[in-house]
Amino acid sequence: MSTKVVIGLGYGDEGKGLATDYWCRRAAHPVVVRFSGGHQAGHTVVSPSGTRHVFSNLGSGTLQGAPTFWSRYCTFSPPSFLQEREQLCAFGLSPKMFVDARCPVTTPFDIAYNRLLERSQRHGSCGLGFGATIERHTETPYQLYAGDLAFPKVAARRLHAIGQYYEQKASGLMSAGDYSAVAEAWLEKAAAAVAYIHLVAEPAFFSTYAGADFIFEGSQGLLLDMDHGVFPNVTRAHTSSRNAQAIIRRNELPTPEVFCVSRAYQTRHGNGWLTNETLPPDLDSNPNETNQDNEWQGPLRHALLDLDMLRYALQCEENYSSGQAKHLLLTCMDQLRGPLSATLGGEILELSEPILLKAHLPAINGNMLCSYSDDGTGVRCAESSLLPTD
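Criteria and cut-off values
Residues numbered from 1 in each chain as written. Predicted model: local features only at pLDDT ≥ 70, side-chain atom pairs only at ≥ 80, totals over all residues. Heavy atoms only, no water. Helix = DSSP H or I, 4+ residues; strand = E, 2+ residues; numbered from the N terminus. Rg over C-alpha atoms; globule rule 2.2 N^0.38 Å. Buried < 20%, exposed > 50% of the residue type's maximum accessible area, 1.4 Å probe, protein only. Contact = heavy atoms within 4.5 Å. Areas by Shrake-Rupley, 256 points an atom, 1.4 Å probe, with all protein chains shown as cover. Pairing = 2+ DSSP bridges. Phe/Tyr/Trp six-rings, centres within 6.5 Å; stacked < 30°, edge-to-face > 60°. Core = buried A, V, L, I, M, F, W, Y, C linked by side-chain atoms within 4.5 Å. Right-handed = clockwise from strand over helix to strand, strands pointing away. Disulfide = S-S within 2.5 Å.

Notes on the overall build of the chain
- When helices and strands are tallied, the chain shows 9 helices and 17 strands.
- Taken over C-alpha atoms, the radius of gyration comes to 21 Å for the chain, in line with the 21 Å a tight globule of 390 residues would show.
- Dimensions along the principal axes, computed over C-alpha positions, put the chain at roughly 60 × 45 × 40 Å.
- Here the chain holds 390 residues, and the buried ones make up 56% of them.
- For the chain, restricting intrachain contacts to residue pairs at least 6 apart in sequence, the fraction spanning at least 24 positions comes to 75%.
- A total accessible area of about 16100 Å² is found for the chain, and carbon and sulfur atoms account for 50% of it.

Right, dumping it as structure tokens:
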């Protein structure tokens, strides 16, 4: 039995899926727990045989047969889940998905309102309704929980009320009637999704899987955290280990190790502050980059690694995991054309060996790992260039 927490130190897209898959491969009885975000996540996993999948609605250990627990801190999207499940079934998999009955559910009205706002505000949203769902659930009585989906009459009535709420909120720019066909189709998919998930209460799930190796998979990155990012270009989620720590304490799991993930350079997909943007990293092109130019976020932006920002992210994380082992995983090392470079206090450092980075990050009190491939087989301990043994 063990507990690991995987978080990103940047603006997302660091390699949390790779890290989660990697630790699931090395666990005897892996179980993945998603503890933040929702279906707007895009965690890419590549198996050693070359199977590639971007996980959004299930845990990134699914290729390894690991069950997923979708905690109440995550939003659930029935149509997105069904679509992804179908993709995974085409690989010959039978994903096992447990959903906390208290998960907020994203509706077509949340998505429509999100996109309406994003066209004018350009905050860098994915346009998938995550923030709108969280705002509706935390600030209004117009709620829809995953558990409600098992009762079609209740789900339909609550969805109708949510449509009326957004019609009023959008001041005439949205009409619930215009989405009637979409809402009916959504309800059909919601009913279908219930057949493929296990709606559970959190204590019952952890009792069922007592003794498992839990890998808590975060979403996005600490620099987008609702408490620690720079407003307004933040997410409505705690992207630190905060939620994971709460689940671990409630269910009396072993003290976790925290794995902090960053690319070997900075990225940001969407608007907002990005340091060192005038210092682009020297990279080989990546034809398999998951984050493509799109209507809502634009192109993926790149910049030289900033040690001051990594220090800031780690300091923020210390509020929730003080005294716990913290390891660093640096991904995309194979994309660097030259030595690892980063700024510190405005000065550019060129590091002949990646391990030299660790000296500038005192919060990392455990191992430093580097990934030189996108399939997890190229993960090495920076200290020894060997695969870790635990």
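Topic: the pairing of strand 13 (residues 326-331)
- Among the 6 residues in strand 13, 6 count as buried, and that is most of the element.
- Burial along strand 13 is two-sided: the residues Lys326, Leu328 and Leu330 and His327, Leu329 and Thr331 are all buried.
- One ladder, built from 6 bridges, connects strand 9 (residues 257-263) with strand 13; its direction is parallel. Bridged to Phe259 within strand 13 is His327.

Section: the packing of aromatic side chains
- Taken as a whole and judged by the stated rule, the model has 15 aromatic pairs.
- A centroid spacing of 5.1 Å and a plane angle of 35° characterise the contact between Tyr113 and Tyr166, whose relative ring orientation is tilted. Taken together, the positions of Tyr113 in helix 3 (residues 108-121) and Tyr166 in helix 5 (residues 152-169) put the pair 53 residues apart, joining distant regions of the chain. Judged on exposure class, the residue Tyr113 and its partner Tyr166 are both buried.
- Centroid distance Tyr142 to Tyr165: 5.0 Å. Interplanar angle 25°. Geometry classified as stacked. Separated by 23 residues along the polypeptide, Tyr142 in the loop between helix 4 (130-139) and helix 5 and Tyr165 in helix 5 bring together distant segments of the chain.

Looking at the nonpolar core
- Core analysis: the biggest nonpolar cluster contains 52 residues, and Phe205, Phe206, Phe214, Phe216, Leu340 and Leu357 have the highest contact counts within it.
- The biggest single contributor to this core is helix 9 (residues 307-321), with 6 residues.
- Leave out the neighbours within four places in its chain, and Leu357 touches Leu305, Leu307, Leu328, Leu330, Leu340, Leu351 and Met368.
- The next biggest cluster of nonpolar side chains, apart from the first, holds 35 residues, and it includes Leu82, Met97, Cys103 and Ile162.

What to know about the pairing of strand 6 (residues 97-100)
- Burial along strand 6 is two-sided: Met97 and Val99 facing one way and Phe98 and Asp100 facing the other are all buried.
- The pairing of strand 5 (residues 68-70) with strand 6 spans 3 bridges and is parallel. Bridging from a neighbouring strand, Trp70 pairs with Val99 of strand 6.
- Crossover connection from strand 5 via helix 2 (residues 78-89) to parallel strand 6: handedness right-handed.
- The pairing of strand 6 with strand 7 (residues 198-200) spans 3 bridges and is classified as parallel. Pairing of Val99 across the sheet is with Leu199, part of strand 7.

Some words on the state of the cysteines
- By the definition in use, this model includes 0 disulfides.
- Free cysteine Cys24: the closest other cysteine sulfur is in Cys74, separated by 15 Å.
- Judged by relative accessible area, Cys24 falls into the buried class, the value being 3%.
- Cys260 takes part in no disulfide bond, and the closest cysteine sulfur to it belongs to Cys316, at a distance of 12 Å.

Focus: the sheet that holds strand 15 (residues 347-351)
- Sheet architecture is open: 3 strands sit in the order 12-14-15, paired in mixed fashion. Because the sheet does not close on itself, it has two edges, and the strands there are strand 12 (305-306) and strand 15.
- Looking at chain direction, strand 12 and strand 14 (residues 340-344) are connected through 2 bridges and run parallel. Paired with Asp306 across the strands is Thr343, a residue of strand 14.

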